Amino acid sequence: MNIIDYGVEMKKVLVIFTEVMDYGLDLIHNVYEKTTHQYDYVYCNKSVSGHKYSGVLPENSAILVGNNLRKLIAITNIIRKRKYDLVIINGYSGIIEFAAILLCKKLQTPYAIESDTQLRIPEQFLKRWAKYFYLKLVFRGICFGFAGGSRQRILFEFYGMPLEKIFTLPMTVDVEKLQREFQKLHCYKVIARWPDEARCF
């Protein structure tokens, strides 16, 4: 069974990222752009972690600016006007991401949560209770889970998402870009048969 079996046409897809990052750009170039679907990309922030990206943003992308209210208005207008067949949301804990989830529920727009987070159950009762009911709400209804691997699938399963609505979407790595960056290093080790034969150039 795949996502199309649920009646999701996937002609127009919106992907919401938390911030601009190389991993997200690799995902766009190596996964999304290799399909026949039409994608738009929205970044909730230019940078949260202070990480500087090295790639070029696609033409069909936008970075939300201003305070949270302006960003909420912007993401609401984007989702309402474009009438997407599917909205893919990276993460579920940010205010913009949560607003997009609620709007998709209201508009009956199918959405998928992409997550590389493993299952962690809070020790404190109140936090455990709050997380349980929050994720139960988020994962209910026309929601799909895009898990980064088998360990991430457990998170979706634990909080009530049906197994047939969980899909594995492994994190992508641009091998050629890694090799280029590796060659730029001033010093790298040559793999030898014995550890003492490893040399540095």
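Reading guide: rules and limits
Residues numbered from 1 in each chain as written. Predicted model: local features only at pLDDT ≥ 70, side-chain atom pairs only at ≥ 80, totals over all residues. Heavy atoms only, no water. Core = buried A, V, L, I, M, F, W, Y, C linked by side-chain atoms within 4.5 Å. Buried < 20%, exposed > 50% of the residue type's maximum accessible area, 1.4 Å probe, protein only. Helix = DSSP H or I, 4+ residues; strand = E, 2+ residues; numbered from the N terminus. Contact = heavy atoms within 4.5 Å. Phe/Tyr/Trp six-rings, centres within 6.5 Å; stacked < 30°, edge-to-face > 60°. Lys NZ or Arg CZ within 6 Å of the ring centre and 35° of its normal. Patch = residues over 30% accessible without salt bridge, like charges linked within 9 Å, V, L, I, M, F, W, Y side chains within 5 Å. Areas by Shrake-Rupley, 256 points an atom, 1.4 Å probe, with all protein chains shown as cover. Salt bridge = Lys/Arg side-chain N within 4 Å of Asp/Glu carboxyl O. Pairing = 2+ DSSP bridges. Right-handed = clockwise from strand over helix to strand, strands pointing away. Axes fitted to C-alpha atoms, helices over the stretch in contact; angles between N-to-C directions. Left-handed = near helix turned anticlockwise from the far one by under 90°. Nonpolar A, V, L, I, M, F, W, Y, C, P; charged D, E, K, R; others polar.

Peer 1: Can you help me understand the nonpolar core in this one?
Peer 2: General note: in soluble globular proteins, nonpolar side chains tend to be found buried as a group. Core analysis: the largest hydrophobic core is formed by 28 residues, its most contacted members being Ile16, Val87, Ile89, Tyr92, Tyr111, Ile113 and Phe139. Sort the elements by how many residues they give to this core and helix 3 (residues 95–107) lands first, with five residues. Val87 has contacts with Leu14, Ile16, Cys104, Thr109, Pro110, Tyr111 and Ala112, leaving out every residue within four places of it along the chain. Listed in part, the 19 residues of the second largest apolar core include Leu25, Tyr39, Phe144 and Phe146.

Peer 1: Mind showing me how you'd approach the packing of aromatic side chains here?
Peer 2: Geometrically, a pair of aromatic rings is defined through the distance of the ring centres and the angle of the planes. The tally for this structure, following the rule as stated, stands at 14 aromatic pairs. With a centroid separation of 5.0 Å and 55 degrees between ring planes, the pair formed by Trp129 and Phe133 is classed as tilted. Taken as a pair, Trp129 and Phe133 lie in helix 4 (residues 125–138) at a separation of four residues, close to a single helical turn. We classify Trp129 as partly exposed; its relative accessible area is 47%. When its relative accessible area of 46% is taken as the criterion, Phe133 is described as partly exposed. Note that Lys165 overlies the ring of Phe144, its terminal NZ or CZ placed 5.4 Å from the centroid.

Peer 1: In this structure, what is going on with a nonpolar patch on the surface? I would like to understand it.
Peer 2: Together, Ile121, Phe125, Leu126, Trp129, Tyr132, Phe133 and Phe158 make up a nonpolar patch on the protein surface, roughly 770 Å² of accessible area in all. Among the elements that make up the nonpolar patch, the one with the highest residue count is helix 4 (five residues).

Peer 1: Help me understand the pairing of strand 5 (residues 111–115) in this model?
Peer 2: Moving residue by residue along a regular strand, the side chains alternate between the two faces of the sheet. Burial analysis of strand 5 places five of its five residues in the buried class, the great majority of the element. Residues of strand 5 alternate between two faces, with Tyr111, Ile113 and Ser115 on one and Ala112 and Glu114 on the opposite face, all of them buried. Pairing between strand 4 (residues 86–90) and strand 5: four bridges, direction parallel. Within strand 5, the residue paired with Asn90 across the bridge is Glu114. Chirality of the crossover, the property in question, places the unit of strand 4, helix 3 and strand 5 among those that are right-handed. In terms of strand pairing, strand 5 meets strand 6 (residues 143–147) through five bridges, oriented parallel. Within strand 6, the position partnered with Ser115 by the bridge is Ala147.

Peer 1: I would appreciate a short explanation of the packing of helix 2 (residues 68–82) against helix 3 in the present structure.
Peer 2: To describe two helices that pack against each other, one gives the angle between their axes and the distance between the axes. Here helix 2 crosses helix 3 at 35 degrees, and the two axes come no closer than 10 Å. Handedness of the helix 2/helix 3 crossing: right-handed. On helix 3, the residues touching Asn68, Lys71, Leu72, Ile75, Thr76, Ile79 and Arg80 of helix 2 are Ile95, Ile96, Ala99, Ala100, Leu103, Lys106 and Leu107. Of the residues belonging to the contact of helix 2 with helix 3, the class tally is nine nonpolar, two polar and three charged.

Peer 1: Which parts of the structure should I look at to understand the pattern of salt bridges?
Peer 2: Oppositely charged side chains can pair when the atoms bearing their charge come close. Enumeration according to the criterion identifies one salt bridge in this entry. Two residues, Asp40 and Arg82, come together in a salt bridge whose shortest N-O distance is 3.1 Å. Remark: Arg82 occurs in helix 2 and Asp40 occurs in strand 2 (residues 38–45); sequence separation between them is 42 residues. The exposure class of Asp40 is buried, given its relative accessible area of 13%.

Peer 1: Honestly, the environment of Val13 in this entry has me stumped. Any pointers?
Peer 2: Structurally, Val13 can be placed in strand 1 (residues 12–19). A relative accessible area of 0% means that Val13 is categorised as buried. It is 5.6 Å that separates the C-alpha atoms of Val13 and Tyr84, two residues lying 71 residues apart in sequence. Excluding anything up to four places from it in sequence, Val13 contacts His37, Gln38, Tyr39, Asp40, Tyr84, Leu86 and Ile88.

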